[in-house]
Amino acid sequence: MALRQLRLECCSLPYSNDGTTEGLAAALSLLAAGLEHLSLKELATRGDGTVEFPTGVLQHLQQLTYLELAHIWVLGPDQDQPALQPLHALTCLVDLRLIGVGAAGSQEEGSEITASMLACMHNLTSLQLSFDLEVEPGALAGKTNCKLQHLELYHCNVPGGRAGWSDFLSHLQQLQQLTHLTVSQHLTDRWITAPPAYSALTASSKLQHLDISFTELPAGAWQHTFPVGRQLPYLQYLDSTAAERFAPAPDFSRTVSCCPGLQQLKLLLTPRCKAQLLAPLQGLTALHTLHVGGNEITADATQPLGQLTGLKELNVITFGSIRAELLLPLTELQQLTTLHLHGRVNNLYQVAKLTSKVGGNTVYTFPCCLLCGTGCFLMLKAPGWL
């Protein structure tokens, strides 16, 4: 029976005189008849420690529906073309994951992803591109009628600066079937484009998961990302920790209006996040998990958080000090089952974690050290915690 799935992770391949690359190509060619699922992660050898995956073999693996290459080097069949060009032959692919893939012999950190590589993947439903890959601005062109639902672009480079990024967003705007979108980029000023272009991030009304963390958006982009009248009824998860770049602070009333079904929310609290700006979050009646962070969290920020009485999990992270006046409003959260506090107490950075299994025994875990002094009263005051 033909082998259908092959997964190699953190494996050491034997080194031979004819080269590990040729040996790997020959082995995969023998599996060409039935292989549908291929995953290669962090491969090494007992020789020079480097494994170069020969991408030319992909032309013989046309039955693949799943391909994952993670943290390995790739070697193309033609030096005049990108190393991953043979991807264009994989017309049956449903799930493609390229994570930290480097082109052997190239001065660039990551491999190049072009529109021609993805052009014939009409069955693609999931695409993950992560860590230093260079993604052509038009890589998503022609995907209007594609079945793509899951898209992750994590710490990649889109060449062309501001114009290239704007072009990429224009193609993203056409993907109306997306249910999961991650666009997590450290954007420099030369990338940041006009605020209206960021409406592409919420163009799909079918979104369930949206992660725009570390995507440094310009002032005014929030009102285009969550415009008046746009509805995202299925959105349950939102990581908007890019809010620190906004000036003034983002209008969270727009978020509540667009995404009334949010259940999990991550955001940054900055000095601009006053109580009146955070108050609209009370409209998220389904919200049960909240992660907040900031260099210095003020009492103005924690006051409205204490009114989110439906919360079951709260994670507060700050490089500043945790003081009694900051935590006191949080004692109103009577439904909490998990509480994490990360911050400075008496000039020392400390972490405390409490987990309560309601309906039975109550379990407390303190993985690092219990917050002392101004922190303990919060844990002691909440009913059911002690």
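Here is what the cut-offs are and how they apply
- Residues numbered from 1 in each chain as written.
- Predicted model: local features only at pLDDT ≥ 70, side-chain atom pairs only at ≥ 80, totals over all residues.
- Heavy atoms only, no water.
- Helix = DSSP H or I, 4+ residues; strand = E, 2+ residues; numbered from the N terminus.
- Buried < 20%, exposed > 50% of the residue type's maximum accessible area, 1.4 Å probe, protein only.
- Areas by Shrake-Rupley, 256 points an atom, 1.4 Å probe, with all protein chains shown as cover.
- Salt bridge = Lys/Arg side-chain N within 4 Å of Asp/Glu carboxyl O.
- Polar contact = N/O pair within 3.5 Å; in protein donor to acceptor, adjacent residues only side chain to side chain.
- Contact = heavy atoms within 4.5 Å.

(A) Up close: the overall build of the protein chain. Within the protein chain one finds 9 helices and 21 strands. Going through the 386 residues of the protein chain one by one, you find that 49% of them count as buried. Summing over all exposed atoms, the protein chain offers an accessible surface of approximately 17400 Å²; the carbon and sulfur share of this is 52%.

(B) Spatial organisation of the pattern of salt bridges. Taken as a whole, this structure holds 2 salt bridges when the rule is applied. Lys41 is the salt-bridge partner of Glu68, the closest N and O atoms lying 3.7 Å from each other. Of this pair, Glu68 sits in strand β6 (residues 66-70) while Lys41 sits in strand β3 (residues 37-41), and the two are 27 residues apart along the sequence. Among the residues examined, Glu68 registers a relative accessible area of 6% and is labelled buried. For the salt bridge of Arg97 with Asp95, the shortest nitrogen-to-oxygen distance reads 3.0 Å. Under the relative-accessibility criterion, Arg97 is labelled partly exposed at 26%.

(C) Spatial organisation of the side chain of Ser39. Residue placement: Ser39 occurs in strand β3. In this structure the side chain of Ser39 is engaged in a polar contact, spanning 2.9 Å, whose partner is the side chain of Glu68. When neighbours within four sequence positions are excluded, Ser39 is seen to be in contact with Leu6, Arg7, Leu8, Tyr66 and Glu68.

This is a description of form; function is not addressed.
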